[in-house]
Amino acid sequence: MMGQEHIDETDLLILRQLIHDSTLSHKEIGMTVHMTGQAVGARIRRLRELGVITGYSVGWNPEKLGLHVHALITVFLNSGGAHRTFLQFVEAEEEIEEAHRVSGEGCYWMRARTQSPERLNALLDRLLKYGNYKVSLAIGQIK
């Protein structure tokens, strides 16, 4: 990792706290690592500049928004030339929340959340333009 030699234990403690709860204030983090909020802020800025921190995320409950179907989809593209248009498809589909290019079985792995089995079926019908797929439905989250 670029700049790894400049990252110390305090940086790692700060990073772990942000990973656990990105809404913590610099002052709250500082109380744990025995630094001022201003010093913590400077370290966080440096971690962003080094590319260690690339963004922040929010934990959310899809069920509360009516997204009751959670599908894990393995995609098998028709041809090597389909990748570019497939990536455009993935970007345009709001119901696809995560996509990874993978080795092994399949070309891509995707996570999709829809309001109903019918909406998932419509998404899968649109996906057929690019190749075949295998779907598994999540029935509970463990971690």
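Residues numbered from 1 in each chain as written. Predicted model: local features only at pLDDT ≥ 70, side-chain atom pairs only at ≥ 80, totals over all residues. Heavy atoms only, no water.

**Considering the overall build of the chain**
Regarding its fold elements, the chain presents 5 helices and 4 strands. Reading the helices (α) and strands (β) of the chain from amino to carboxyl end gives α-α-α-β-α-β-β-α-β. What you see for the chain is a C-alpha radius of gyration of 20 Å, clearly larger than the 15 Å of a compact globule of 143 residues, by over 25%. Taken over the C-alpha atoms alone, the chain extends approximately 55 × 35 × 25 Å along its principal axes. Within the span of the chain, comprising 143 residues, buried residues form 34% of the whole. In the chain, of all internal contacts separated by at least 6 residues, the share reaching a separation of at least 24 is 64%. When the accessible surface of the chain is summed, it comes to about 9800 Å², and 53% of that surface belongs to carbon and sulfur atoms. For the chain, the centre of its 16 positive side-chain charges and the centre of its 17 negative side-chain charges are spaced 1 Å apart. (Helix = DSSP H or I, 4+ residues; strand = E, 2+ residues; numbered from the N terminus. Rg over C-alpha atoms; globule rule 2.2 N^0.38 Å. Buried < 20%, exposed > 50% of the residue type's maximum accessible area, 1.4 Å probe, protein only. Contact = heavy atoms within 4.5 Å. Areas by Shrake-Rupley, 256 points an atom, 1.4 Å probe, with all protein chains shown as cover. Lys, Arg positive; Asp, Glu negative; His and termini not counted. Charge placed at Lys NZ, Arg CZ, Asp CG, Glu CD.)

Shape descriptors only; they carry no functional weight alone.
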